[in-house]
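Examination of the molecular architecture
What follows is each chain in one-letter form.
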Amino acid sequence: LAQVCAMRVLLLRLSLCACELALNFSFASESAKYAVVSSDGITLAGLPVRVRANDRWFSSADGTLALKKASVVVNGSSSIAEQIWQTADGLPVHTTVVSDSAALYFTTTWPAGANGTSVGDADAVVSEFPALDMQPLAKDDWGFYDFHGNQMGYNLAGRVGQFLDKRIYIDPNGQYHLANATVGGQQGGLVLLFDPTGSKSLVLSAASSFMAANVHPVAGDQLAMGVMGRTGSIPAGWSITFVLRYGSGIRPNVQGWGSALRARYARTDDARRGDLTNTHLGYSTDNGAFYYYETEKRKNYYQTLQDVYSEIQRKKLPVRHLHLDSWWYPKDNNSAVTEWTPLRSMFPNGWADFDALHKETGFPFTMHNRYWSSQTVYAKQNGGNFTFRVEKEYAIPDDPSFWDFLIGQAAGHGMYNYQQDWLDTEYQFLNITRTDVDIARRWLVQMGDAASKHGVYVQYCMPFSRHVLQALEVPAVSQVRASEDNIHIPYVPNNVWIAASSIVIDALGMSPMKDNFLSSRFGDVFQWTHGVELENRLHSLVATLSTGPVNFGDRIGKFNTPLIMRSADETGRLLQPSSPGVALDKWFVTLAQSRLAPLEPVRLSDDPFLQQAECVGNGYRADLVLGFHMTRDTPITPSDLHLTGEGPLFAVPLPTEEEVDVKEAAAARPQVFTQLSPLVLQRAAWPTFQYWQIMRPLGGTWLLFGELAKWVPSSPNRIQLVEADAEHLNVTVRGSPGESVSLVAAKLEGAQPQPALVRTCTVPAGGVMVMGLHDGSCSGEMAAFV
């Protein structure tokens, strides 16, 4: 006889503090039913536990999946509830629920494996645990945002709405439909749920086996989490885990979710902080740049890039790296890679030209790659040396020695960052990646291991949310593309709306990337451009706020030096915020509730796009607020920025010109910023954008505007230390020796800011100086801050 735990109800508490939002898990052993219960009274009933094996379903509802044992272990603030099941034909299945201080983790394990699991639908699941009835959230008008599609929902796929809500959406064939807003599938799997005020939210995603995990709408408002639906078999001992995290606000809860997952995988931000392409100015040849599949007349790419370097030197631009897109290597008729080596038409001497370019310029390269052809010369099936899984048109490597060879070879010719593009295509265009639970993970882990071995960073491009989550196990990934390519669509630009996907990328410890931009507003119209860069200032600003690469891509003769230098100091160091611009909670809420917002694409909605970035330095903090697509007046309060209770705050408009007159910009008057005196971003026609800085008094009497000539006036990359009292304001800054730095500050008389002071100093030989903004003094470097 099966041993069944005598306890009628097993209860796990997520939090020991009754004042915090928390989740509880309850399990009734007699009925084998479970529920997730929040500390504020929301109950999400669990659906029957179900697994697929031997070409049929087994369910706890009809007894074909029988509970054999249930137990609970409490260890301090962590608890583990385990249930042991057996299918009607004797297959063991284990489920566990773990509370780990910040989340509930649901795991399903197949001790003996399983065969005959597929349901034939890649968007469905072959196991269901947890599976929850979300009807209570639907009744309370909760909204959702599914980071769905490539670039995590950026390209015509980000899904948003309310449960039971009829919305327009676009299917994979480009057809429009009216249907219930749904989430998940092979392109989704990371879902954000939030109440009508955005004051609390629930994040659900995979927490292991990311590449094999699906979230699937079972019926109505019921969501099941499990293994992807075309999985043919499951290996013995294999498991999959999902996480639910409940917390206050949207952004804080997403950050908490990301922190919990990073801790689970010991995922640091070392790659993000160490990657030169994240921290210094670059030049790009990606789609949207002038030299994308385009060279100077009667010149090859090697000669063209030599000329680009000469122009960079002539303009004295501190560019530090170069991006080489897909034009440099051979592909088949499906644009799939056959061999990752230089085309002789582009580089007549092959790798020797790469070596020469690297030596002449000193630039490390970001080198693009895409999906593999079934004709690839590297596959053993085609006479190569490496194991590939080859299908009719496409292939995927399954051999760590291949990645060691490929990345090692390119690193020897100047590669610094490996860009794996078309991640969605490599996953979706192959059968094996959606029928085998392990191969897609091996593909990415082997790639990352080789990158780490050879000191190369990795960029993920065109990812689904599963790829971004998988990067938790790939520490070499330093950046993730958060946007589509910059193809210059007038009035509906597809390259600046990155703040929604940025919230997740940042939470998982990587930098979002906006892709390139043209610094000149009216550049040449050429074969790959569908218009001109009307929003060049906005592109430059959004790239700087991303904390990822800032790469311009103009043709020779069109480099807009003043605009380019708004992002960097004279060493090429990017003057970025501490954390990237991310969408405001109220943007998610408003979009979900909007009757005009289509389910897809999000960026075509009628709602203003609002984001916030933070600058947290030694002795100071400033917040940046950006609004564009301002279809209506929109008030912003301190609580919208999670700044409630911080004391007196002041807001000042920041200059948005290509080149800033600092004295003129310093004349802007700060306004008191409170719940009753909100900042109002005003309705404006495209491409107008509004950009503000939120300041706190320093030393009780000073407002530090910062370096208004730069997009991020208070960047910690420039401002190293602020020391203030009632009469003194000393700011330690770093820069390039000989660089002129102008800082702006104003003194408060009571609550009234006095006219701003503009102080200018020249950086000394050591690269660090102290600027006395109270008296205009400039002192030499201080060894303590070098």
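Data block above holds the structure.
Rules used throughout
- Residues numbered from 1 in each chain as written.
- Predicted model: local features only at pLDDT ≥ 70, side-chain atom pairs only at ≥ 80, totals over all residues.
- Heavy atoms only, no water.
- Axes fitted to C-alpha atoms, helices over the stretch in contact; angles between N-to-C directions.
- Helix = DSSP H or I, 4+ residues; strand = E, 2+ residues; numbered from the N terminus.
- Contact = heavy atoms within 4.5 Å.
- Nonpolar A, V, L, I, M, F, W, Y, C, P; charged D, E, K, R; others polar.
- Salt bridge = Lys/Arg side-chain N within 4 Å of Asp/Glu carboxyl O.
- Buried < 20%, exposed > 50% of the residue type's maximum accessible area, 1.4 Å probe, protein only.
- Pairing = 2+ DSSP bridges.
- Expected span 1.5 Å × (residues − 1).
- Polar contact = N/O pair within 3.5 Å; in protein donor to acceptor, adjacent residues only side chain to side chain.

Here we come to the packing of helix α2 (residues 251-264) against helix α12 (residues 499-507). At a minimum axis distance of 8 Å, the contact between α2 and α12 shows a crossing angle of 35°. Across the interface between the two elements, Arg-251, Val-254, Gln-255, Trp-257, Gly-258, Ser-259 and Arg-262 of α2 pack against Ile-503, Val-504, Asp-506 and Ala-507 of α12. Residue composition of the contact of α2 with α12, grouped by class: five nonpolar, three polar and three charged.

With that settled, the discussion passes to the pattern of salt bridges. Working definition: two side chains of opposite charge can pair if their charged atoms are close together. Applying the stated criterion across every chain yields a total of 24 salt bridges. Here Lys-586 and Asp-640 are joined by a salt bridge, their closest N and O atoms 3.3 Å apart. Separated by 54 residues along the polypeptide, Lys-586 in helix α15 (residues 585-593) and Asp-640 in the loop between β38 (634-636) and β39 (650-653) bring together distant segments of the chain. For Arg-696, the salt bridge is made with Asp-623, and the minimal N-O distance between the two is 2.6 Å. With Arg-696 in the loop between β42 (689-695) and β43 (702-706) and Asp-623 in strand β37 (residues 620-628), this pair connects stretches of sequence that are 73 residues apart. For the pair Arg-696 and Asp-623, a shared accessibility class is recorded, and that class is buried. Put simply, Arg-251, Glu-614, Arg-621, Asp-623 and Arg-696 are held in one network by salt bridges that share partners.

Another point: the pairing of strand β29 (residues 394-397). Across the two faces of β29 the burial is the same, with Tyr-394 and Ile-396 and Ala-395 and Pro-397 all buried. Two elements, strand β27 (residues 372-373) and β29, share two bridges in a ladder whose sense is antiparallel. The residue bridging Ser-373 from the neighbouring strand is Tyr-394, located in β29. In this structure, strand β28 (residues 388-390) lies alongside β29, joined through three bridges in antiparallel fashion. Residue pairing across strands places Val-390 opposite Ala-395, the latter belonging to β29. Between the antiparallel neighbours β28 and β29 lie three residues.

With that out of the way, let us pick up helix α5 (residues 301-314). Counted at 1.5 Å a residue, the expected span for α5 with its 14 residues is 20 Å, and the 20 Å between its end C-alpha atoms agrees. Restricting attention to buried positions, one finds in α5 the residues Tyr-301, Tyr-302, Thr-304, Leu-305, Val-308, Tyr-309, Glu-311 and Ile-312. Turning to α5, the residues buried within the fold contact β24 (282-284), β25 (321-324) and α6 (351-361). At the N-terminal end of α5, a side-chain oxygen is found 3.0 Å from the backbone nitrogen of Tyr-302, two or three residues along, and the residue is Asn-300. Positive backbone phi, at 55°, marks Lys-316, one or two positions downstream of α5.

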